[in-house]
Amino acid sequence: GMLLVCIVMFSVITVYMTKRNSSTLQKVADTYMQGMSTQIQNHFETLVNMRLVQVKSIVQGLPPEEVDEMNDSVKSRLATMAELRQFTHLFLLDTKGNEEMLYGDPVEVENLDRFIEALNNDRTMVTAAKTEDGSLVLLYGISVGHPKGMGYPMANGGKCTALVAGVPFESL
């Protein structure tokens, strides 16, 4: 009789402890994953902010008010500054969404209307784009002229609303 009571008690204690360990392990795993998610999000935000500062530094290196004509010399200077910051794409964008490539291959901007709206309202904006071969590019756009009318001159005779730089998603 006593042996049977010991076996039952041992079995009950074993089942109880196994459930407690599983519950504790699940709580630890959940806490760890939440912490990792927060760290990854913070890292991404820091990366985006750093890249936006780099695009602004290109504009500060050659301000639009100092450019009368978008000639080869100006394009080369802007492209060199973009390349030094490891951007793979650089282009001007006007208020209607017309692009003028300065460096890299053309891209198709996703959410173009929202992107232009933000830039036309003097805000910075980050969005995705695709190259002709389907590769994803992360674009960083900063307003450089509109609504002040001080953007870089474009080949179509107008002024740009924004300078946009991009990097491949793989490089993140």
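Description of the structure in this document. Predicted model, so just to flag it, every value in this text is computed and none were measured. Every residue gets a number counted from 1 within its own chain, in the order that chain's sequence is written. For this predicted model, a pLDDT threshold of at least 70 governs which residues receive local features, and a threshold of 80 or more governs which side-chain atom pairs are given and counted, while totals over whole chains, interfaces and linings are taken from all residues. Working from all heavy atoms in the structure, the side-chain values ignore hydrogens and water.

Some details on the overall build of the chain
- A run of DSSP states H or I qualifies as a helix once it reaches four residues; a run of E qualifies as a strand once it reaches two. Both are numbered from the N-terminal end. Looking only at helices and strands, one finds three helices and six strands in the chain.
- Throughout, radius of gyration means the C-alpha value; the globule benchmark is 2.2 Å times the number of residues raised to the power 0.38. Its C-alpha radius of gyration of 27 Å places the chain more than 25% over the 16 Å reference for a compact globule of 172 residues.
- The C-alpha extent of the chain, read off along each of the three principal axes, is 100 × 30 × 25 Å.
- In this scheme, a residue with accessible area under 20% of its type's maximum is buried, one over 50% is exposed, and one in between is partly exposed, where area comes from a 1.4 Å probe on protein chains only. Looking at the chain as a whole, 35% of its 172 residues qualify as buried.
- Contacts were defined at the residue level, with two residues in contact if any of their heavy atoms lie within 4.5 Å. Within the chain, residue pairs in contact and separated by at least 24 positions form 55% of the contacts whose partners lie at least 6 positions apart.

Considerations on the sheet that holds strand β4 (residues 125–131)
- DSSP bridges decide pairing: two strands pair if at least two such bridges lie between them. Spatial ordering of the open sheet is given by β2-β1-β6-β5-β4-β3, a layout of six strands whose pairing is antiparallel. Here the strands that pair on one side only, and so sit at the sheet edges, are β2 (99–103) and β3 (107–109). For this sheet, the mean angle separating the axes of adjacent strands, direction not counted, is 35 degrees.
- By the bridge criterion, five bridges tie strand β1 (residues 89–93) to strand β6 (residues 162–168) in an arrangement that is antiparallel. Its bridge partner lying in β6, L90 is registered against A165.
- Lines are fitted to the C-alpha atoms to define the axes, a helix being fitted only along its stretch in contact, and any angle between axes, read from their N-to-C directions, falls within 0 to 180 degrees. Against the sheet, helix α1 (residues 2–61) touches β1, β4, β5 (136–143) and β6, its axis set at about 55 degrees to β5.
- Together, β1, β3, β4, β5 and β6 form the strand contacts of helix α3 (residues 112–120), whose direction differs from that of β4 by roughly 140 degrees.

Things to note about a nonpolar patch on the surface
- Nonpolar side chains (Val, Leu, Ile, Met, Phe, Trp, Tyr) are joined into patches within 5 Å and like charges within 9 Å, using only residues with over 30% relative accessible area and no salt bridge. All accessible-area figures derive from a Shrake-Rupley calculation using a 1.4 Å probe, and residue coverage is judged against the displayed protein chains alone. In the sections that follow, a salt bridge refers to a side-chain nitrogen of Lys or Arg positioned within 4 Å of a carboxyl oxygen of Asp or Glu. A cluster of nonpolar side chains, contributed by M2, V5, M9, I13, Y16 and M17, occupies part of the molecular surface with about 640 Å² of accessible area.
- For I13, a relative accessible area of 48% corresponds to the partly exposed category.

Quick look at helix α2 (residues 72–84)
- One less than the residue count of a helix, multiplied by 1.5 Å, gives the span that helix is expected to have. Taking 1.5 Å per residue as the helical rise, α2 with its 13 residues ought to reach 18 Å, and the 18 Å between its terminal C-alpha atoms agrees with that figure.
- Residues of α2 that are buried: V74, L78, A79, M81 and A82. What you see down the axis of α2 is that its buried residues fit within an arc of 160 degrees, all on one side. Every exposed residue of α2 that faces more than 90 degrees away from the buried side is listed here: D72 and L84. Note: the arc covers the axis-to-C-beta directions of the helix.

Considerations on α1
- The terminal C-alpha atoms of α1 lie 88 Å apart, and with 60 residues this matches the ideal 88 Å at 1.5 Å per residue to within 8%.
- Taken together, the buried positions of α1 are occupied by L47, V48, R51, L52, Q54, V55, I58 and V59.
- Those residues of α1 that are buried are in contact with α2, β1, β4, β5 and β6.

Quick notes on the side chain of R51
- Structurally, the position occupied by R51 is in helix α1.
- Working convention for charge: Lys and Arg count positive, Asp and Glu count negative, and His plus the chain ends are omitted. The buried charged residue R51 lacks any salt bridge, with E170 as its nearest oppositely charged partner at 12 Å.
- Any pair of N or O atoms that falls within 3.5 Å is considered a polar contact. Within protein, one atom must be able to donate a hydrogen and the other to accept it, and sequence-neighbouring residues count only if both atoms are side-chain atoms. There is a polar contact of 3.0 Å between the side chain of R51 and the side chain of Q54.
- What R51 contacts, discounting residues up to four positions off in sequence, is R85, Q86, F87, Y140 and V167.

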